[in-house]
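Examination of the molecular architecture
The primary structure of each chain is shown beneath.
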There are 2 protein chains.
Amino acid sequence: MKRVCIVGCGAIGSLYAAHLARVAEVWAFVRREDHAQALKRDGLRVSGKRAFHVLMKATTKPDELPDCELGIVATKATQVDESVSAVGHRFNQGAVVSAQNGLGSEEIIAMHTRGQVLRATTFMSGTKHSDTHVQLELDTATWIGPFEPRQTNYALVKEAVDLINAAGLKAEALPDARPAQWSKLIFNASVNGASALTGLPHSPHFADESEASSLGHLLHDLIDEGKEVAAAIGINLREDPWEMNKIGARTNHPPSMLYDVRHQTETEADFLSGAIAREAQRAGVRAPLHTAVYRLIKGKEASWTFKGENREL
Amino acid sequence: MKRVCIVGCGAIGSLYAAHLARVAEVWAFVRREDHAQALKRDGLRVSGKRAFHVLMKATTKPDELPDCELGIVATKATQVDESVSAVGHRFNQGAVVSAQNGLGSEEIIAMHTRGQVLRATTFMSGTKHSDTHVQLELDTATWIGPFEPRQTNYALVKEAVDLINAAGLKAEALPDARPAQWSKLIFNASVNGASALTGLPHSPHFADESEASSLGHLLHDLIDEGKEVAAAIGINLREDPWEMNKIGARTNHPPSMLYDVRHQTETEADFLSGAIAREAQRAGVRAPLHTAVYRLIKGKEASWTFKGENREL
């Protein structure tokens with residue numbers, strides 16, 4: 001895998017792009033022209049747990065992008081369809097990693113490429129200070145496995161994992177990546193949903209079960225409900241999302257959906273609580289809490305553009 | 001009933017005070033000194049469906065208030081304890097009407113007076129333009145009945161109802177006021193909760209059930225859950241809260257809890273979704289959705305003062 005394209009360079013995409021540029025030819029495919037120009041001109045600087053600087057290619061134009069052996073899609077889940085429909089054919093002879101939160105992005109990628117699709121879950125985290133400067137915070141593994149409906153060639157999974165490890169990040173190949181993906185899905189759907197609706201960052205409230213009104217009870221119930229859905233479709237979780245929640249609740253980290261709500265940009269609810277609601281329905285089990293959270297978030301999104309006049313009876 | 005005190009003069013309290021001042025000696029007991037001074041100096045003007053002007057007495061000092069035959073407590077549910085603890089003894093020989101939203105205010109009033117306690121539910125509505133000007137909008141009935149644990153004298157219920165009717169407002173005496181109170185409780189808990197969490201006023205979204213993600217499904221589920229709790233404790237609702245919701249959803253009216261959330265003032269959640277959650281627990285049935293809404297709103301209230309620094313791992 002000598003030529004790699006990172007689709008979307010937020011914090012996670014920038015971290016992949018910068019590290020992989022040390023071991024491969026990296027193209028950044030981004031949406032804003034000034035973003036592409038800045039990357040072409042100044043490259044990308046990494047700070048934090050590691051400090052280095054790299055140069056790379058970058059473009060906003062699908063026609064400028066050459067065929068690549070590996071793609072890593074690192075946009076928000078809500079932008080996968082738009083971005084991969086434009087460049088998916090560039091990976092027809094290679095492999096594409098889906099690094100989105102939640103469930104459903106692999107299916108969208110598969111619609112737009114004949115290449116191999118890889119199911120990935122990452123706990124890496126960072127802060128993007130500018131288009132050309134990203135700070136590495138949490139250097140945890142990216143778990144990568146096959147996308148079952150397409151019977152992904154496992155040798156390609158291992159090749160992608162080897163390349164990411166060679167670049168200095170951590171990755172692990174899994175014959176079945178769903179237990180990892182579902183652990184993070186349940187964690188993310190529960191924490192992001194409660195955060196978006198309360199306005200709280202991932203604070204100690206999320207693990208507090210001292211009173212009947214305490215938010216920690218709701219998190220526990222959401223996570224238990226998610227586990228029941230996972231069990232109903234035969235998935236044994238890799239990690240316990242409640243334990244993940246307890247650790248995260250010490251950080252006061254603002255989850256991505258809180259950022260979305262504050263800036264009134266479309267959330268990933270369809271891929272998080274909405275995905276759990278859909279999977280529950282397919283499996284014939286109930287998921288009333290995730291379904292309620294999903295509908296409340298969609299209602300919140302609707303409130304940003306609703307202009308109805310008060311018409312008292 | 002020749003002397004009446006209205007405790008709290010927001011929109012509803014001002015409407016009671018102005019109308020009753022036409023047929024009785026009315027005292028307004030309010031919290032702000034400038035509010036009391038304005039009422040004493042300028043009286044109260046009613047506009048809208050009806051137009052008139054009255055003079056009345058007003059005070060912020062419990063010691064200035066004489067004994068009254070009737071009290072109408074019209075504060076927010078969250079302020080009943082503070083206000084009635086100060087003046088409850090002035091009604092020891094009379095009766096006190098609880099006109100709050102939700103459930104639980106009668107019990108608080110009963111702790112602070114030896115007078116008769118009356119359980120009331122009102123659908124009257126208005127807009128308070130200033131301390132001395134209130135606009136009458138919806139001139140619907142106040143339903144009044146006994147507070148069962150105190151075995152209220154029903155003759156007093158009828159006397160209060162007669163006085164309110166003589167004043168030009170609508171009131172109806174009910175041997176059991178709980179079916180009316182619970183109809184409004186379920187309606188209010190569901191609509192206020194969804195509004196506070198989404199930021200939407202009571203808009204058409206609340207009755208829309210066209211998509212799996214539609215908010216109307218959540219309202220339907222919340223209302224059905226409320227009905228199940230009512231049934232479990234033996235209450236036959238007077239009106240169907242779902243029908244009330246469908247009508248209200250045409251108005252784009254901002255419910256009181258949306259106002260509270262926008263202004264970051266304590267909500268009535270303990271008396272609405274919290275009350276349904278508590279009653280469900282007492283009856284040994286489940287109310288997962290109202291319990292979830294309750295915890296989310298308490299979490300939202302907590303977010304207004306939470307100052308935790310982001311401590312990434």
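Predicted model only: the values in this text are computed from it and were never measured.

Brief notes about the pattern of salt bridges
All names here are of chain B. Per the counting criterion, the structure on display carries 42 salt bridges over all chains. For R238, the salt bridge is made with E172, and the minimal N-O distance between the two is 3.5 Å. Remark: E172 occurs in strand 12 (residues 171-173) and R238 occurs in the loop between helix 7 (215-232) and helix 8 (241-248); sequence separation between them is 66 residues. Accessibility expressed as a relative area gives 33% for E172, which makes it partly exposed. Between R178 and D176 there is a salt bridge, and its shortest N-O distance comes to 3.1 Å. Overall, R178 belongs to the partly exposed group, its relative accessible area being 31%. The partly exposed category is assigned to D176, whose relative accessible area is 35%.

Points about the relation of the copies chain B and chain A
You can overlay chain B on chain A at an RMSD of 0.0 Å; the transform is a turn of 180 degrees with a shift of 0.0 Å along its axis. Taken together, the turn and the small shift mark the pair as related by a two-fold rotation axis. If distances are taken from each C-alpha of chain B to the rotation axis, the shortest is found for L197 of chain B, at 2.9 Å. A share of 100% of interface residues in chain B that are also interface residues in chain A marks the association as one of identical surfaces.

Here we look at the interface of chain B and chain A
Counting residues at the interface gives 42 residues for chain B and 42 residues for chain A. For the pair chain B and chain A, the two sides together bury roughly 3600 Å², of which 63% comes from carbon and sulfur. Where chain B meets chain A, there are two salt bridges. Taken together, the links from chain B to chain A amount to eight residue pairs in polar contact (both at pLDDT 80 or more). For the side of chain B that touches chain A, the secondary structure elements donating two or more residues are strand 10 (133-138), helix 6 (178-198), helix 7 and helix 11 (288-303) of chain B. Top element by residues in the side of chain B that touches chain A is helix 11 of chain B. It accounts for 11 residues. Considered class by class, the residues forming the side of chain B that touches chain A number 19 nonpolar, 14 polar and nine charged.

Considerations on the sheet that holds strand 8 (residues 116-122) of chain B
All names here are of chain B. Read from one edge to the other, the open sheet built from eight strands follows the order 5-2-1-6-7-8-11-12, with strand pairing classed as mixed. Of all the strands in the sheet, the pair left with one neighbour each is strand 5 (57-59) and strand 12. Each strand of the sheet is rotated relative to its neighbour by a mean of 25 degrees, with strand direction disregarded. Direction of pairing for strand 2 (residues 25-29) relative to strand 5: parallel, over a ladder of three bridges. Bridging from a neighbouring strand, F29 pairs with T59 of strand 5. With respect to the sheet, helix 5 (residues 154-166) is in contact with strand 1 (3-7), strand 6 (70-73), strand 7 (95-98), strand 8, strand 11 (142-146) and strand 12, its orientation differing from that of strand 12 by roughly 165 degrees.

What to know about the side chain of N192 of chain A
Residue and element names in this part refer to chain A. Structurally, N192 can be placed in helix 6 (residues 178-198). Here M257 takes part through its backbone nitrogen, which lies 3.0 Å from a polar atom of the side chain of N192. Apart from residues no more than four positions distant in its own chain, N192 is found in contact with P255, S256, M257 and L272.

Concerning the confidence of the model for chain A
Counting all residues, the mean pLDDT for chain A is 96, and 99% of those residues have values of 70 or more. For this predicted complex, the interface score ipTM comes out at 0.93, while the overall pTM is 0.94.

Quick notes on empty space enclosed by the protein
What the rule picks out here adds up to three cavities of 30 Å³ or more. In this structure, the largest cavity occupies an estimated 60 Å³ of space. Within the residue set of the lining of the largest cavity, elements represented by two or more residues are helix 7 (215-232) and helix 11 (288-303) of chain A together with helix 11 of chain B. Split by residue class, the lining of the largest cavity holds 11 nonpolar, no polar and no charged. If you trace the second largest cavity, you find it lined by A99, Q100, N101, G102, T121, T122, Q181, K184, L185 and N188 of chain A. Of all the secondary structure elements, the ones that give two or more residues to the lining of the second largest cavity are strand 8 (116-122) and helix 6 of chain A. Tallying contributions element by element places helix 6 of chain A first for the lining of the second largest cavity, with four residues.

Observations regarding unusual backbone geometry
Residues and elements named next belong to chain A. In this structure, N252 takes a positive phi of about 60 degrees despite not being glycine. One can find N252 in the loop between helix 8 (241-248) and helix 9 (256-262). For N252, a relative accessible area of 4% corresponds to the buried category. At Q264, a position not held by glycine, the phi torsion is positive, near 50 degrees.

Topic: the nonpolar core
Of all hydrophobic cores here, the largest spans 76 residues; its most connected members are W182, F206 and L296 of chain A together with W182, F206 and L296 of chain B. For L296 of chain B, the contacting residues outside a window of four places in its chain are A194, L197, T198, L215, L218 and L296 of chain A together with L197 of chain B.

With respect to the side chain of H290 of chain A
In this structure, H290 of chain A sits in helix 11. Filtering out sequence-adjacent residues up to four positions away, H290 of chain A remains in contact with A189, S190, L222, E225, G226, S273 and I276 of chain A.

Concerning the pairing of strand 9 (residues 125-130) of chain B
Residue and element names in this part refer to chain B. Taken together, the five bridges between strand 9 and strand 10 define a ladder with antiparallel strand orientation. Each residue of the ladder has a partner; that of G126, found in strand 10, is L136. In sequence, strand 9 turns back onto strand 10 through a hairpin of two residues.

Some points on the environment of C5 of chain B
Residue and element names in this part refer to chain B. Mapped onto the elements of the fold, C5 is located in strand 1. Looking at C5, the relative accessible area reads 0%, which means it is buried. Sequence separation between C5 and W27 is 22 residues, and the spatial gap between their C-alpha atoms is 4.6 Å.

About the thresholds
- Residues numbered from 1 in each chain as written.
- Chains lettered and ligands numbered in written order.
- Predicted model: local features only at pLDDT ≥ 70, side-chain atom pairs only at ≥ 80, totals over all residues.
- Heavy atoms only, no water.
- Salt bridge = Lys/Arg side-chain N within 4 Å of Asp/Glu carboxyl O.
- Helix = DSSP H or I, 4+ residues; strand = E, 2+ residues; numbered from the N terminus.
- Buried < 20%, exposed > 50% of the residue type's maximum accessible area, 1.4 Å probe, protein only.
- Least-squares fit on C-alpha atoms with pLDDT ≥ 70 in both.
- Contact = heavy atoms within 4.5 Å.
- Buried area = accessible area lost by both parts, 1.4 Å probe.
- Polar contact = N/O pair within 3.5 Å; in protein donor to acceptor, adjacent residues only side chain to side chain.
- Nonpolar A, V, L, I, M, F, W, Y, C, P; charged D, E, K, R; others polar.
- Pairing = 2+ DSSP bridges.
- Axes fitted to C-alpha atoms, helices over the stretch in contact; angles between N-to-C directions.
- pLDDT = per-residue confidence, 0-100.
- 1 Å grid on protein atoms, 1.4 Å probe; cavity = no way out; pocket = protein on both sides within 12 Å on 5 of 7 lines; lining within 4 Å.
- Points joined across faces, edges and corners; volume = space filled by probe spheres on them.
- Core = buried A, V, L, I, M, F, W, Y, C linked by side-chain atoms within 4.5 Å.

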